[in-house]
Amino acid sequence: MFPELGFYGLAGHAADPRALVDEVQEAERIGLGAVFLSERFNFKDAAVMSGAAAAATNRIGIATAATNHNTRHPLVTATLATTAHRMSRGRFALGLGRGFDMLFDLMGVPRITNAQLADAIAVQRRLWAGERFDHDGPSGTYPFLFLMDEDIAEDIPVLMVALGPKALTLAGGIADAVVLHTFMSEEAVARSVATVRAGAEAAGRDPAAVRVWACTAVVEDSLPHDVVLKKTVGRLATYLQGYGDLLVRINGWDPAALQRFREDPLVTGFSGAFDAAATPDQLEHLAEKVIPAEWLACAITGPAAACAQQVADSFAATGVDSVILHGSTPGQLAPVVAAYGAVRPAGQRELPPNPGRTA
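Now for a description of the structure that goes with this document. None of these values were measured; they are calculated from a predicted model. (Residues numbered from 1 in each chain as written. Predicted model: local features only at pLDDT ≥ 70, side-chain atom pairs only at ≥ 80, totals over all residues. Heavy atoms only, no water.)

Take the overall build of the chain next. Helix and strand counts for the chain come out as 15 helices and 11 strands. For the chain, the C-alpha radius of gyration of 20 Å lies close to 21 Å, the compact-globule estimate for 359 residues. Projected onto its principal axes, the C-alpha coordinates of the chain cover approximately 60 × 45 × 40 Å. Burial statistics for the chain: of 359 residues in total, 55% are counted as buried. The contacts in the chain between residues at least 6 apart in sequence include a share of 73% that link residues at least 24 apart. Both charge centroids of the chain, one from 29 positive and one from 39 negative side chains, sit 3 Å from each other. (Helix = DSSP H or I, 4+ residues; strand = E, 2+ residues; numbered from the N terminus. Rg over C-alpha atoms; globule rule 2.2 N^0.38 Å. Buried < 20%, exposed > 50% of the residue type's maximum accessible area, 1.4 Å probe, protein only. Contact = heavy atoms within 4.5 Å. Lys, Arg positive; Asp, Glu negative; His and termini not counted. Charge placed at Lys NZ, Arg CZ, Asp CG, Glu CD.)

Okay, structure coming up:
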């Protein structure tokens, strides 16, 4: 019913990947348009999750958001995408991103640059077109690349997860769709949308043909208070642990506030991710004494009707095409989605099920 709305499957630190099957079926039942799948090196393999989502549903769009091109050989990535594309009958988009330098250093794989990402996407598209070629470029050197079938001619959208202005400009120039980050202010989202559109125009593309997804934490307040804390305070604190400097720059926040967060005794002595291991008391401390209220206000919280109205208003306020309701399961989002039906913008752009397409 609402192709412009999506959610993240297995949001947070899920330990039971089988739950994704129930989630996508519930999402389809209540009218969500797409599921986004983030990869973690534990129980969240992008290929397995994409196949499960395709097999368990009939209408919902499916996207990796994101996996990384440097953790698989390009033939393996191309095979993942073509398999999910055909299994889903065209509902799949391959989402790629820059990932985390520290993790790649530990894994012993190259850090990702924008040049590598652009090159890797070009390689994927050539493979999906059925080409057979050698390649020597920023993403690697390969003596011979080909998919082992004569009947390869796949049109698979590429989605990029992008944060900074250079990545957003690149995404506008080469990607079919873009996913923004969680905990961005409306002003930051609007600036990011403008940067994507400008990147598309500079590349000679139709700016309106690039589908831009905002990603907004939506946590309805009928959930238990400790759950709300984990999905808002805990999630933002975890992001601040990993790439706080980038979030602060994107939003124009005060760097001194980030430094105070980093120097707080709880933060300096904490082991692990806050959204996985922090107690409610610890999260209350962060909310009341450490993290600025302005930063936490980037999440959508409150009664279902109020959450739905904020989602509906965000289209005109930011210029995005679609919104990922992040951090909650479809079951938890059901009241918000039901309320959204009553306030959905009258002129809402009709979009296809595939989250990487605009037409």
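Turning to helix H9 (residues 255-263), its buried residues number three or more, namely Ala 257, Leu 258 and Phe 261. The arc that holds every buried residue of H9, seen down its axis, measures 100 degrees, which confines them to one face. The exposed residues of H9 that point more than 90 degrees off its buried face are Pro 255 and Glu 263. With a side-chain oxygen lying 3.0 Å from the backbone nitrogen of Ala 256, the N-terminal cap of H9 falls on Asp 254. (Arc of directions from axis to C-beta. Polar contact = N/O pair within 3.5 Å; in protein donor to acceptor, adjacent residues only side chain to side chain.)

On to the pairing of strand E11 (residues 322-326), then. Taken across its 5 residues, E11 has 5 buried, putting it largely inside the fold. Alternating positions in E11 separate into two faces, Ser 322, Ile 324 and His 326 on one and Val 323 and Leu 325 on the other, with burial throughout. Both strand E1 (residues 2-8) and E11 contribute to a ladder of 3 bridges, which runs parallel. Counted as the bridge partner of Phe 7 is Leu 325 from E11. As judged from the 5 bridges shared by strand E9 (residues 211-220) and E11, these two strands associate in the parallel manner. (Pairing = 2+ DSSP bridges.)

Glancing now at a nonpolar patch on the surface. On the surface, a cluster of nonpolar side chains totalling about 370 Å² of accessible area is made up of Phe 41, Phe 100, Leu 103 and Met 107. By the element assignment, Phe 100 lies in the loop between strand E4 (92-97) and helix H4 (101-107). (Patch = residues over 30% accessible without salt bridge, like charges linked within 9 Å, V, L, I, M, F, W, Y side chains within 5 Å. Areas by Shrake-Rupley, 256 points an atom, 1.4 Å probe, with all protein chains shown as cover. Salt bridge = Lys/Arg side-chain N within 4 Å of Asp/Glu carboxyl O.)

This part covers the environment of Arg 126. Structurally, Arg 126 is set in helix H5 (residues 114-128). Residues in contact with Arg 126, not counting those within four places in the same chain, are Glu 131 and Phe 133.

On to the packing of aromatic side chains, then. Counted by the stated rule, this structure contains 10 aromatic pairs. Relative to Phe 36, the ring of Tyr 8 lies with its centre 5.9 Å away and its plane at 45 degrees, an arrangement referred to as tilted. With a gap of 28 residues between them, Tyr 8 in strand E1 and Phe 36 in strand E2 (residues 32-37) connect regions that are remote in the sequence. Between Tyr 239 and Tyr 243, the aromatic rings sit 5.9 Å apart at their centres with planes inclined by 25 degrees, giving stacked as the arrangement. Within this pair, Tyr 239 and its partner Tyr 243 are both found in helix H8 (residues 225-251), separated by 4 residues, close to a single helical turn. Considered together, Tyr 239 and Tyr 243 belong to a single accessibility category, that of buried residues. Put simply, the rings of Phe 100, Phe 183, Tyr 239 and Tyr 243 touch in pairs and so form one group of aromatic residues. Sitting above the plane of the Phe 133 ring, Arg 126 keeps its charged end 3.8 Å from the centroid. (Phe/Tyr/Trp six-rings, centres within 6.5 Å; stacked < 30°, edge-to-face > 60°. Lys NZ or Arg CZ within 6 Å of the ring centre and 35° of its normal.)

On to the nonpolar core, then. Residues Phe 261, Leu 286 and Ile 291 are the most contacted members of the largest nonpolar core, which totals 103 residues. With 10 residues, H8 is the single largest residue contributor to this core. Discounting residues that sit within four places of it in the chain, Leu 286 has contacts with Val 233, Ala 237, Phe 261, Leu 266, Val 267, Phe 274 and Ile 291. Counting 13 residues, the second largest nonpolar core, distinct from the first, contains Val 161, Ala 177, Trp 213 and Ile 324. (Core = buried A, V, L, I, M, F, W, Y, C linked by side-chain atoms within 4.5 Å.)

This next bit is on the side chain of Arg 235. Residue position: Arg 235 is located in helix H8. Look at Arg 235 and you get buried, because its relative accessible area is 9%. Within polar-contact distance, the side chain of Arg 235 engages the side chain of Asp 275 at 2.7 Å. Apart from the residues within four sequence positions on either side, Arg 235 is in contact with Ala 11, Gly 12, Phe 183, Lys 230, Asp 275 and His 326.

So, on to the pairing of strand E6 (residues 140-145). In terms of strand pairing, strand E5 (residues 133-137) meets E6 through 4 bridges, oriented antiparallel. Across the sheet, residue His 135 finds its bridge partner in E6, namely Tyr 142. Where E5 folds back on E6, the antiparallel hairpin that results is connected by 2 residues.

Turning our eyes to something else, we now look at the environment of Ala 276. Among the secondary structure elements, Ala 276 is positioned in helix H11 (residues 274-277). A relative accessible area of 41% places Ala 276 in the partly exposed class.

The next subject is the pattern of salt bridges. In this structure the tally under the stated criterion is 16 salt bridges. The closest approach of N and O atoms between Arg 86 and Glu 154, which form a salt bridge, is 2.6 Å. In this pair, Arg 86 is assigned in helix H3 (residues 74-87) and Glu 154 in the loop between E6 and strand E7 (158-161), connecting sequence segments 68 residues apart. Look at Arg 86 and you get partly exposed, because its relative accessible area is 38%.

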